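Now for the letters of each chain:
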Amino acid sequence: MAAQTYFHLHSLRCLPVPLKIQNPQNQTHRFKRNPVVCKLRVAVIGGGPAGSSAAEALATGGIETFLFERSPATAKPCGGAIPLCMLDEFSIPLNLIDRRVTQMRIVSPSNLVVDFGKTLKPHEFIAMLRREVLDSFLRQRAESSGANLLKALVTNLVVPTSSLEPYVIHYTMDNCQHQLAVDAIIGADGANSRVAKSIKAGNYTTAIAFQERIKLPEDKMGYYENLAEMYIGNDVSPDFYAWVFPKCDHVAVGTGTVCSKSNIKSLQHAIRARVKPKIEGGKVIKVEAHPIPEHPRPVRVRGRVALVGDAAGYVTKCSGEGIYFAAKSGRICGEAIVKASEGGESMINEDDLKREYLRKWDDKYFTTFKFLDVLQKVFYGNNAAREALVELCGDEYVQRMTFDSYLYKKLASGNRWEDAKMVMNTISSLVRCNIMGREVEASAQKILSRV
Ligand SMILES: Cc1cc2nc3c(=O)[nH]c(=O)nc-3n(C[C@H](O)[C@H](O)[C@H](O)COP(=O)(O)OP(=O)(O)OC[C@H]3O[C@@H](n4cnc5c(N)ncnc54)[C@H](O)[C@@H]3O)c2cc1C
């Protein structure tokens, strides 16, 4: 039971800071208040997919919710690809989708090309959306569920020294400084999270992702109508992949790396060289770069603060996918707070957040993240391994299993005989490509033990 009598009904923020929002000039702003006085008050910092999903779950569950977003009009640098299951689970209207990718092409270092969408069923596709469109839809939905949406930059977070005090958020809105006292915080403020720093959550390794948005001549855009391409090779990335993704009326051409960040521009040059004939005549309309977390932070919950999405480090290896996991972690965390506080009626603590949020998250996704980590180590390490990967991708069973896992976010349970065949094919491809060194062998054994 989360409730503790001395916390009940939020003595916390009623103590040092009034329930009103104040600025230094003593101007006060009253926000839409929950009719029931002194419900649990939670601030969500960051209005991306993680923050909006958290705020929606909190507000729906009866929590007094504040969602802070510093720049609602800006698009986060992103490919904007989301899996089919997200459309259903998060009720995303189909009219928000710009493109339905039904063909994936993977190109090896020696330019061996494999088409990767052969096993898709007629209703299956990868949805491509503009982030500004998706994010603003999710934010508005959180607001209509009852969250107070603030266009504001959070500048500081004062962590209390005792569990009897509230957290105080300092923020800038309309060129004025303000403060807000809250009972708990969800940090959904992305890879450069200020909330994570404030609670000393520790660092994670990041990759850098760099991409150019290129407007192509009409005939060339036609080629990428429903096609996404992945290029692998030392030239385009020593440890990740490069891509051409179709966006609403242009393509995003980019690459990522962890170990060679200072060479990102020459890696980008290399992917442009590899796709040159297909993008010739195109005009660069935007250049963007952003960090991608490589693994979860050492601490994801401290006190009454929880981190979600990129702030927590939930991006998968191999694919660099984070939108779905951001939204999902935000929702799980929001629901956890609703449950632990009995709909906002009682105070929560660190144990509640660990039990109701972290444990549920780790039970559901720890294996998926680890599995993709091992795959990345095996297949992205050198060009011989990358050739083996592309060779394997030609196999229809591998394609079906990969797409099922991606589209539906379950480690697909396949046919035992086919699984065994797939493992044997993996090993023989690796052997054929002459790279079955000790390290790779050990990683392959780990994969074997999981199928
Ligand atoms: C180039 C690139 C391509 C990618 N492509 C894909 C893809 O195709 N598919 C996929 O699934 N993932 C992709 N990702 C990963 C994906 O973009 C992230 O995992 C996802 O955006 C995480 O969502 P989030 O809500 O946790 O954080 P974010 O989307 O980063 O949102 C954080 C929000 O917090 C706000 N904020 C930050 N600090 C403050 C503050 N102090 N005060 C107020 N507001 C603040 C920001 O303005 C932002 O809106 C890509 C990443 C990159 C870099």
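The structure presented is a predicted model; accordingly, all values stated were derived computationally and were not measured.

## Observations regarding the site of the ligand
Next up, step 1: Neighbouring residues of the ligand: 36 residues in total, closest Glu-69, Lys-76, Gly-79, Arg-131 and Asp-310.
Next up, step 2: Within the side chain of Arg-70, one N or O atom sits 3.0 Å away from an oxygen atom of the ligand.
Next up, step 3: Residue Ala-81 places a main-chain N or O atom 2.9 Å away from a nitrogen atom belonging to the ligand.
Next up, step 4: Within the complex, the protein chains bury 94% of what would otherwise be the 1,000 Å² of accessible surface of the ligand.
Next up, step 5: Split by residue class, the shell around the ligand holds 16 nonpolar, 12 polar and 8 charged.
Next up, step 6: There are two domains that each give the shell around the ligand at least three residues, and those are domain 1 (5-75 + 132-204 + 295-366) and domain 2 (205-293).

## Let's talk about the pattern of salt bridges
Next up, step 1: Applying the stated criterion across every chain yields a total of 27 salt bridges.
Next up, step 2: Lys-409 is the partner of Glu-321 in a salt bridge, and the nearest nitrogen-oxygen pair spans 3.1 Å. Of the two residues, Glu-321 sits in the loop between helix 9 (309-312) and helix 10 (323-340) while Lys-409 sits in the loop between helix 13 (396-408) and helix 14 (416-432), which places them 88 residues apart along the sequence. Each member of the pair, Glu-321 as well as Lys-409, is classed as buried.
Next up, step 3: Ionic pairing is found between Asp-352 and Arg-355, a salt bridge with its closest N-O pair at 3.0 Å.

## Notes on the nonpolar core
Next up, step 1: Residues Phe-68, Ile-169 and Tyr-357 are the most contacted members of the largest nonpolar core, which totals 111 residues.
Next up, step 2: A total of 12 residues in this core trace back to one element, the largest contributor, which is helix 11 (residues 350-379).
Next up, step 3: Residues contacting Ile-169, with those up to four places away along its chain left out, are Ala-43, Ile-45, Phe-68, Val-154, Asn-156, Leu-157, His-178, Gln-179, Leu-180, Val-182 and Ile-185.
Next up, step 4: Residues Leu-216, Met-221, Tyr-224 and Val-275 belong to the second largest nonpolar core, which totals 16 residues.

## So, helix 7 (residues 264-274)
Next up, step 1: Those residues of helix 7 that fall on the buried side of the exposure criterion are Ile-264, Leu-267, Gln-268, Ala-270, Ile-271 and Arg-274. Along the axis of helix 7, the buried residues cluster in a sector spanning 155 degrees; they form a single face. Of the residues in helix 7, the exposed ones pointing more than 90 degrees away from the buried face are Lys-265 and His-269.
Next up, step 2: Buried-residue contacts for helix 7 involve strand 7 (103-107), strand 15 (206-215), strand 16 (227-233), strand 17 (237-246), strand 18 (251-257) and helix 8 (276-279).

## Some words on the environment of Ala-388
Next up, step 1: Assignment of secondary structure puts Ala-388 in helix 12 (residues 383-393).
Next up, step 2: On a C-alpha basis, the gap between Ala-388 and Ser-108 in space is 8.8 Å, while along the polypeptide they are 280 residues apart.

Reading the values: the criteria
- Every chain begins its residue count from 1, and numbering advances along the sequence as written.
- Given that this is a predicted model, residues contribute local features only at a pLDDT of at least 70 and side-chain atom pairs are listed and counted only at 80 or more, while totals for whole chains, interfaces and linings are drawn from all residues.
- The side-chain numbers reported here are obtained from all heavy atoms of the structure, hydrogens and water having been left aside.
- Being near a molecule or strand, for a residue, comes down to having at least one heavy atom within 4 Å of it.
- Polar contacts, as counted here, are pairs of nitrogen or oxygen atoms within 3.5 Å of one another; within protein the pair requires one atom able to donate a hydrogen and one able to accept it, and residues that are adjacent in sequence qualify only if both atoms are side-chain atoms.
- Here the open area of atoms and residues is found with the Shrake-Rupley method and a 1.4 Å probe, where only the protein chains shown may cover a residue.
- Charged means Asp, Glu, Lys or Arg here, nonpolar means Ala, Val, Leu, Ile, Met, Phe, Trp, Tyr, Cys or Pro, and polar covers whatever is left, Gly included.
- Domain delimitation follows an automatic or database domain assignment.
- Throughout this description, the term salt bridge denotes a Lys or Arg side-chain nitrogen within 4 Å of a carboxyl oxygen of Asp or Glu.
- The numbering of helices and of strands both runs from the N terminus, where a helix is a DSSP run of H or I of at least 4 residues and a strand a run of E of at least 2.
- For every residue, the accessible area (1.4 Å probe, protein chains only) is compared with the maximum for its type, and the residue is labelled buried under 20%, exposed over 50%, or partly exposed between those bounds.
- Definition of nonpolar core: a set of buried residues of the types Ala, Val, Leu, Ile, Met, Phe, Trp, Tyr and Cys, connected through side-chain atoms within 4.5 Å.
- For this analysis, residues touch if any pair of their heavy atoms sits within 4.5 Å.
- Along the arc lie the directions from the helix axis toward the C-beta atoms.

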